[in-house]
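Structural description and commentary
What follows is the residue order along each chain.
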Amino acid sequence: MSALRWLGAFAVLAALPFFLGSYYNDVYRKLLLWITLALSYNFLFGICGQVAFSHFAFYGVGAYSIVIFLFQFGLPFPVAIVLGVALCVLLALAVAIPSTRLEGFYLALATLALAQLFVVVLNEGGAVTGGTGGLANYRLPDVFGVRISGPWYTAVIVALLLGTYAVLWRLDRSWFGRACRAVRDNPEAAAAMGVNVARTKVIVFTLTSALAGVAGMVYAFVDNTVNPPIFGLDNAFLILFMVIVGGAGRHAGAVVGATLLFLMPFFLSPLIGHHHVLVFGLLVVAAILVWPRGLIGIYDEASRWIRFSR
Amino acid sequence: MDSILQVRHLTKRFGGLTAVSRLDFDVRPGEILGVIGPNGAGKSTTFNLIAGAYGADEGEIRFAGRDILGLPPHEIAARGVMRTFQHNRPFPGMPVIDNVLVGAHTKFRTGLWGLVTNLGGSEEQQARRKARDLVGFVGLSEARDADVATLSFGQGRLLEIARALAGEPRLILFDEPAAGLTPAELERLAEIIRGIAARGIAVLLIEHDMRFLLPLAQRVVVLNFGAKIAEGPPEAVRANPDVMQAYLGDAAAV
């Protein structure tokens, strides 16, 4: 994609919130964040084939670390950002290096343990993490004397989404993306082609976890509060389901899955109340049993069929 | 010409069974060397030792003057030893051309940062051109952008070869390439293998099918119970009484 297209996409997505009320602006921001997370998780799970449950925990590490570094430790803004990313990278390496040397199942277990441990640390963190109540009553520091808020902050989230997408898109279309897919499809054949399987897995896990951490840093100034229940395990599973329902391994699938599963309750709860969870469950089961390629797979089939019947 | 692969005193034991016993042979650039033997002779074990899947108990495998025994498979590939699999192992999530490009993995020089900042474009274009040429060389041009799931078994074997060639090997290892192919496909395969050797690439063929191998190989090593029982040009090997004994004994047992 050319620079002009990226700029055009940014202009359209960033202009939209100026026409939305504050409620819909909030929904829009959260939607953008979910899509960002689904895109990076899709690279880890859909493209590189690693089943991990720590993605949302890294989102939490990013959110908490920026708030703690800024307001508990009083560090300057750029330093807090760099330290937050560094923390995510170190934590990701610490999990990935031992677990990718074992079979894939152990990565799932190790990351599940990490996600649980993270919530425990938040609850038991005392004054540093704010315990069960978390941290609140802070606001985004001024950048070059300018206070970014309202739809302007939404533009920051749009930049985050497009930046994440650009990084993943370029990697995916290169030798690196092919190596990731090869590792997912057949690790032994990938190794015979010269792909260092363990190293590829560690790089992808660390990179996507760091991207989730950066998204978390941006999220910290959306609600201006971080607390343990937000970063519980249910959201870790929700990202997995978004990618599966949309179509694992496809960027468009991640976007479709995140949009559908995030917006569904807003449309369904006025109609059927809490039963919307049932619809969610049916969608997930159907995606796993009936459409293993997800909604984007159905779209591919349909467009192939239309082309064929012409 | 000097040999590119030297195998010396290679020995591999599985518990009490000696699968490969003090094996010696060489392969020279541009040469087609066949390794044959009845079932259980140690052909596959030898193959896996060279490709890095197993470690050996004794001996040495030198490639281009350096010891490669015990290196992990991806490092052996990076040094210029590429292989095909007996049971085709394509990457099913990718079209044919991308499968071939995975074979060129070790040839890319742009780092991750370069990819993110969009510096890898010309390298990618060049690799794609080479991959298209290789797809043409094995005769899969019409299926270039097809899903690998739509390929026939024989086409899958050709894809294995194109993928291995994409790594610009100096030695290519074929693991029973004739298995499961039709007579017409075998003829095409023999032609491709001769074409590879003609490029100066050393070819090591592990093969069960003598009728396929003998007209193709310049030299043949015969294994039985893990040890070398004969070595030489195909005609001489065919007439060797030990070889006849090994094969007829095998046939008689069946």
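Residues numbered from 1 in each chain as written. Chains lettered and ligands numbered in written order. Predicted model: local features only at pLDDT ≥ 70, side-chain atom pairs only at ≥ 80, totals over all residues.

**Brief notes about the overall build of chain B**
How we decide: Numbering of helices and strands runs from the N terminus; a helix is a DSSP stretch of H or I covering at least four residues, while a strand is a stretch of E covering at least two. Put plainly, a residue is buried at 20 or more neighbouring C-beta atoms within 10 Å of its own, exposed at 12 or fewer, and partly exposed in between, counting only other residues' C-beta atoms, which are placed from the backbone. Working definition of a contact: two residues with C-beta atoms, positioned from the backbone, lying within 7 Å.
Along the backbone of chain B there are ten helices and ten strands. When its C-alpha atoms are laid out on the principal axes, chain B stretches across 60 × 40 × 35 Å. Counting across all 254 residues of chain B, residues that qualify as buried make up 43%. A separation threshold of at least 6 residues defines the contact pool for chain B, and within that pool the share at least 24 residues apart is 68%.

**A short note on the overall build of chain A**
Our working rule: Between the two quantities, the radius of gyration covers C-alpha atoms and the globule rule is 2.2 Å times the number of residues to the power 0.38.
Regarding its fold elements, chain A presents 14 helices and two strands. Computed over the C-alpha atoms, the radius of gyration of chain A is 20 Å, within 12% of the 19 Å expected from 2.2 N^0.38 for a compact globule of 310 residues. Its C-alpha atoms put chain A at 60 × 45 × 45 Å along the principal axes. Of the contacts formed within chain A by residues at least 6 apart in sequence, a portion of 76% connects residues at least 24 apart.

**A look at the domain arrangement of chain A**
Residue and element names in this part refer to chain A. Here is the rule we go by: Residue ranges for the domains trace back to a domain assignment, done automatically or taken from a database.
Per the domain assignment, the segments of chain A are domain 1 (3–230) and domain 2 (232–310). Distance between the C-alpha centres of domain 1 and domain 2: 22 Å. Each partner contributes residues to the interface: domain 1 has 24 residues there, and domain 2 has 21 residues. At the level of elements, helix H2 (22–47), helix H3 (55–72), helix H5 (104–124) and helix H7 (151–172) are the ones that each hand at least two residues to the side of domain 1 that touches domain 2. For the side of domain 1 that touches domain 2, the element with the most residues is H2, which contributes 13 residues.

**Remarks on the sheet that holds strand E4 (residues 58–63) of chain B**
All names here are of chain B. Note the cut-off: DSSP calls a pair of strands paired once it identifies at least 2 bridges connecting them. Axis lines are fitted to C-alpha atoms, over the contacting stretch for helices. Their N-to-C directions set the angle, which ranges from 0 to 180 degrees.
Here four strands make up an open sheet; going across it, the order is E2-E1-E4-E5 and the pairing antiparallel. Unpaired on one side and paired on the other, strand E2 (17–27) and strand E5 (66–67) mark the two borders of the sheet. Relative to E5, E4 runs antiparallel, the two sharing two bridges. Looking at E5, one finds that Arg62 is bridged to Asp67. Running over the sheet, helix H1 (residues 43–51) touches strand E1 (5–14), E2 and E4 and is turned about 65 degrees from E2.

**Here we look at the interface of chain B and chain A**
For interface size, the figure often reported is the accessible area lost on association. This is how it is decided: Three residue categories are used. Nonpolar comprises Ala, Val, Leu, Ile, Met, Phe, Trp, Tyr, Cys and Pro, charged comprises Asp, Glu, Lys and Arg, and polar comprises the others, including Gly.
Facing 27 residues of chain B, the contacting portion of chain A comprises 21 residues. Put simply, the parts of the chain that give the side of chain B that touches chain A at least two residues each are helix H2 (73–78), helix H3 (96–103) and helix H4 (112–116) of chain B. Looking at side-chain class alone, the side of chain B that touches chain A contains 14 nonpolar, eight polar and five charged residues.

**Let's talk about the sheet that holds strand E10 (residues 227–232) of chain B**
Residue and element names in this part refer to chain B. An order of E6-E7-E8-E3-E9-E10 is seen for the six strands of this open sheet, with the pairing classed as mixed. Edge positions in the open sheet fall to strand E6 (81–83) and E10, since each of these has one partner strand only. Averaged over all pairs of adjacent strands, the angle between strand axes in this sheet comes to 20 degrees, irrespective of strand direction. Note: strand E9 (residues 219–224) against E10, five bridges, orientation antiparallel.

**A short note on the domain arrangement of chain B**
Residue and element names in this part refer to chain B. One can read the domain layout of chain B as domain 1 (1–80 + 169–254) and domain 2 (92–168). Centre-to-centre, using C-alpha coordinates, domain 1 lies 27 Å away from domain 2. Each side of the interface is counted separately: domain 1 has twelve residues, and domain 2 has eleven residues. Where the side of domain 1 that touches domain 2 is concerned, the elements lending two or more residues are H2 and helix H7 (183–198). Sort the elements by how many residues they give to the side of domain 1 that touches domain 2 and H7 lands first, with four residues. Classifying every residue of the side of domain 1 that touches domain 2 gives eight nonpolar, two polar and two charged.

**Quick look at H2 of chain A**
Condition: For a helix, the expected span equals 1.5 Å multiplied by the residue count minus one.
Between its first and last C-alpha, H2 of chain A extends 36 Å over 26 residues, near the 38 Å set by a 1.5 Å rise per residue. Where H2 of chain A ends, the next residue or the one after it, Gly49 of chain A, has phi of about 70 degrees, a positive value.

**Remarks on the nonpolar core**
Quick note on the threshold: The nonpolar core criterion groups buried Ala, Val, Leu, Ile, Met, Phe, Trp, Tyr and Cys residues into a set whenever they are joined through C-beta atoms within 7 Å.
Judged by nonpolar contacts, the single largest core of 165 residues is most densely connected at Ala38 and Val243 of chain A together with Ala162, Leu171, Val203 and Leu205 of chain B. Looking at this core element by element, the count peaks at 13 residues for helix H10 (residues 197–219) of chain A. Those residues in contact with Val203 of chain B that lie beyond four places of it in its chain are Glu31, Ile32, Leu33, Ile172, Phe174, Ile193, Ile196 and Ala197 of chain B.

**A closer look at helix H5 (residues 121–137) of chain B**
Think of an α-helix as 3.6 residues a turn; residues three or four steps apart then line up on the same face. Residue and element names in this part refer to chain B. As a reminder, the rule being used: Our arc is simply the arc of the directions from the helix axis toward the C-beta atoms.
With 17 residues, H5 should cover 24 Å at 1.5 Å per step; its first-to-last C-alpha distance of 24 Å lies within 8% of that length. Buried within H5 are the following residues: Ala127, Ala131, Leu134 and Val135. Looking straight down H5, one finds its buried side chains confined to an arc of 100 degrees; they lie on one side. Of the residues in H5, the exposed ones pointing more than 90 degrees away from the buried face are Ser122, Gln125, Gln126 and Arg129. Contacts from the buried residues of H5 go to H3 and helix H6 (153–165). With its phi angle positive at about 85 degrees, Gly139 sits one or two positions after the end of H5.

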